[in-house]
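This is what each chain is made of:
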Amino acid sequence: MKVTWATHGGQAAGIRLSLPPKALDTDALPANAAAELAELVAAAVPVAEEERPSRARDAMSYTITVEDGGRSTVLTRSDATMTPAFAALLDWLEEHAP
Amino acid sequence: MTRTYTLHCIIPPHLLEKLLSSDDSEVRQVALDTMLTTARLRGERAVRASFAGAAATPGNARRTVFDCQNGVFLPLAVFARSEDGLESADDSVNRAFGGLGTTRDFYKTVFNRNSVDGRGMRLDGYVHFGRRFNNAFWDGRQMVFGDGDGRLFSDFTGCLDVIAHEWTHGVTEFTAGLDYHNQSGALNESMSDVFGSLVKQWSLKQTADQADWLIGSEIFTPGIDADALRSMKAPGHAFDNRLFGKDPQPDHMSDFVNLPDTEPGDNGGVHINSGIPNKAFFLTAMRIGGFAWEAPGLIWYESLKASHFETQFQDFANTTYRKAAELYGDDSAEQLAVLAAWQDVGIQISGILAGVARARGLAADRNGGTGRENGLATVNKQIGALTAQVTGLVRDVNALKGQVTTGG
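Report on the accompanying structure. The structure presented is a predicted model; accordingly, all values stated were derived computationally and were not measured.

### So, the packing of helix 5 (residues 182-204) of chain B against helix 8 (residues 295-305) of chain B
Residue and element names in this part refer to chain B.
Point 1. One can describe the packing of helix 5 onto helix 8 by two numbers: an axis separation of 11 Å at closest approach and a directional angle of 145 degrees. The handedness of the crossing between helix 5 and helix 8 is left-handed. On the side of helix 5, the interface is formed by Met-191, Val-194, Phe-195 and Leu-198, while helix 8 contributes Gly-297, Trp-300, Tyr-301 and Leu-304.

Here is the structure:
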């Protein structure tokens, strides 16, 4: 499984504009870390489409792309629509970023 | 005007209702639990807030700060400080509380505006949002601040202009309601930078030439080689290092950055092209001189109130020119400063020829403004160009005369 994630916008949008997305491959992770990631991904896959509030300003948005077995799933959230599961996944990814 | 607020909960209420009728009993139970929890939290918060603010008059821009305790779900945040409460042991709480108050006092004292909505709306701030959260935002009803990751960014409550920036997003929401895309979005961002900077200048009692005109100058950790998030004085020069690259903000319409109107494209570059109106405000303030929150701030504030959802750079420039005349008179130093400032960032006020604008701009510089030398140089160039044209015309006329004579 390969997970790619990117952050956009926010107060520091000018800085983020030039930053490339980050990526992690479970093949390159220890087995327990790979299992943790798989669990977090499964929990973050939204059961319903996210509602995008139009009035949030300076909120960052996040795109996490999960490629697994030929399938690709894209998860998106913003600071104003963050779920605990999405936040946990993002947090884990940032902590393990290469 | 009455506005209705909706809670941005994790799962929208209409979906929760749908889930309540799911065939799966577990899904039904989860939906029910979520609805009950949300309702309970709403109730708790309302009771808690009213208790906390019992000594303050309701609707009097009363401040309340909540601690997210590194969570991301605002209704779960715990009460940290209110108007009648004691100072907190937490610096982030106190900084947010102080920043909300300074901004509230600025708007009240300078523009006689009673809170974000002009009607004493309560001011709710949330600190310690998420973990290593490098941002601050206005969610449509309240202000949220992260701690920063401690590696690149420090606590976002550490910058008064950043707090005032978010506060002003609320003001814009309740006045022009500038659409958060492309030019109107960049104006929205610029308003927050302009008044964010003015709040800082007001609190420090700085004149335009004493101010640093930086947004978020304390936002980076000490080891980071960057001045700030943005510079209104020199857009495009707030940072230039290996980690962040170069500040992409333009300071002139000729360098306007066309980005896609998507989240990766910063909604058409709302935080990028704001450099252009930011620079126009800076130039106006420098030309007028003195305290920037006085004439320049008032012209911008009145123009914001006279703007609307789809206002573009050109519209806003025209409005500031008109407002300057209404407030200070036609051809006043203030109006001429506005005219010259927009011209310097590549925006001609509608109905005024460039040469005339430049000549009038010179009048604005009579008292010694930063644009004086540029203005003189430009007028000299224009005179030179006109002289060359006249010389050419005389030559052409003489040549024609010669042809007529020869032909006759």
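### Thoughts on helix 5 of chain B
Structurally, the α-helix is built with 3.6 residues per turn, so residues lying three or four positions apart point the same way.
All names here are of chain B.
Point 1. Here helix 5 is 23 residues long and its end C-alpha atoms lie 33 Å apart, about the 33 Å a rise of 1.5 Å per residue gives.
Point 2. Taking burial as the measure, the 23 residues of helix 5 include 20 buried ones, the bulk of the element.
Point 3. Of the residues flanking the end of helix 5, it is Lys-205, one or two places downstream, whose phi is positive at about 55 degrees.

### Things to note about helix 2 (residues 31-44) of chain A
Residue and element names in this part refer to chain A.
Point 1. A rise of 1.5 Å per residue sets the reference length of helix 2, with its 14 residues, at 20 Å; its end C-alpha atoms lie 20 Å apart and thus fit the reference within 8%.
Point 2. Every buried residue of helix 2 is accounted for by Ala-33, Ala-34, Leu-37, Val-41 and Ala-44. Along the axis of helix 2, the buried positions cluster into a sector of 100 degrees, meaning they face one direction only. In helix 2, the exposed residues that point more than 90 degrees away from the buried face are Ala-31, Asn-32, Glu-39 and Ala-42.

### Here we look at the packing of aromatic side chains
All names here are of chain B.
Point 1. Per the stated rule, a full pass over the model turns up 27 aromatic pairs over all chains.
Point 2. On the numbers, 5.0 Å between centres and 20 degrees between planes, the contact of Phe-66 with Tyr-126 is stacked. One end of the pair, Phe-66, is in strand 1 (residues 63-67); the other, Tyr-126, is in strand 3 (residues 123-127), and 60 residues separate them in sequence. Note on accessibility: Phe-66 and Tyr-126 belong to one class, buried.
Point 3. Through a chain of ring-to-ring contacts, the aromatic side chains of Phe-106, Tyr-107, Phe-111, Trp-167, Phe-195, Trp-202 and Tyr-301 assemble into a single cluster.
Point 4. Positioned over the ring face of Phe-97 is Arg-63, at 3.7 Å from the centre of the ring.

### Description of the packing of helix 8 of chain B against helix 10 (residues 333-344) of chain B
When two helices pack together, you describe them by how their axes are tilted relative to each other and by the distance separating the axes.
Residue and element names in this part refer to chain B.
Point 1. Interaxial distance between helix 8 and helix 10 falls to 11 Å at its minimum, and their mutual angle equals 70 degrees. The angle between helix 8 and helix 10 places the two elements in the roughly perpendicular class. Listed contacts from helix 10 to Ala-295, Ile-299 and Trp-300 of helix 8 are Glu-334, Val-338 and Trp-342.
Point 2. Within the contact of helix 8 with helix 10, the residues separate by chemical class into five nonpolar, no polar and one charged.

### Observations regarding the pattern of salt bridges
All names here are of chain B.
Point 1. What the rule picks out here adds up to 21 salt bridges over all chains.
Point 2. Of the charged contacts, one joins Arg-63 and Glu-83 as a salt bridge, the two residues approaching to 2.7 Å between their closest N and O atoms. Remark: Glu-83 occurs in the loop between strand 2 (78-82) and helix 3 (91-111) and Arg-63 occurs in strand 1; sequence separation between them is 20 residues.
Point 3. Across the salt bridge formed by Glu-326 and Lys-323, the nearest N and O atoms sit 3.2 Å from each other. With Glu-326 and Lys-323 both in helix 9 (residues 313-328) and three residues apart, the pair spans about one turn of that helix.
Point 4. Under the relative-accessibility criterion, Lys-323 is labelled buried at 13%.

### Quick word on the sheet that holds strand 4 (residues 71-78) of chain A
Residues and elements named next belong to chain A.
Point 1. Sheet architecture is open: four strands sit in the order 2-1-3-4, paired in antiparallel fashion. Each of the sheet's edge strands pairs with one partner strand only, and the pair in question is strand 2 (22-25) and strand 4. For this sheet, the mean angle separating the axes of adjacent strands, direction not counted, is 15 degrees.
Point 2. Pairing geometry for strand 3 (residues 60-68) and strand 4, over eight bridges, is antiparallel. By the bridge assignment for strand 4, Asp-68 is matched with Arg-71.
Point 3. Where helix 3 (residues 84-95) meets the sheet, its contacts fall on strand 1 (2-9), strand 2, strand 3 and strand 4, and the angle it forms with strand 3 comes to roughly 80 degrees.

Reading the values: rules and limits
Residues numbered from 1 in each chain as written. Chains lettered and ligands numbered in written order. Predicted model: local features only at pLDDT ≥ 70, side-chain atom pairs only at ≥ 80, totals over all residues. Heavy atoms only, no water. Axes fitted to C-alpha atoms, helices over the stretch in contact; angles between N-to-C directions. Helix = DSSP H or I, 4+ residues; strand = E, 2+ residues; numbered from the N terminus. Left-handed = near helix turned anticlockwise from the far one by under 90°. Contact = heavy atoms within 4.5 Å. Expected span 1.5 Å × (residues − 1). Buried < 20%, exposed > 50% of the residue type's maximum accessible area, 1.4 Å probe, protein only. Arc of directions from axis to C-beta. Phe/Tyr/Trp six-rings, centres within 6.5 Å; stacked < 30°, edge-to-face > 60°. Lys NZ or Arg CZ within 6 Å of the ring centre and 35° of its normal. Parallel < 35°, antiparallel > 145°, perpendicular 65-115°, else oblique. Nonpolar A, V, L, I, M, F, W, Y, C, P; charged D, E, K, R; others polar. Salt bridge = Lys/Arg side-chain N within 4 Å of Asp/Glu carboxyl O. Pairing = 2+ DSSP bridges.

Purely geometric numbers; function is a separate question.
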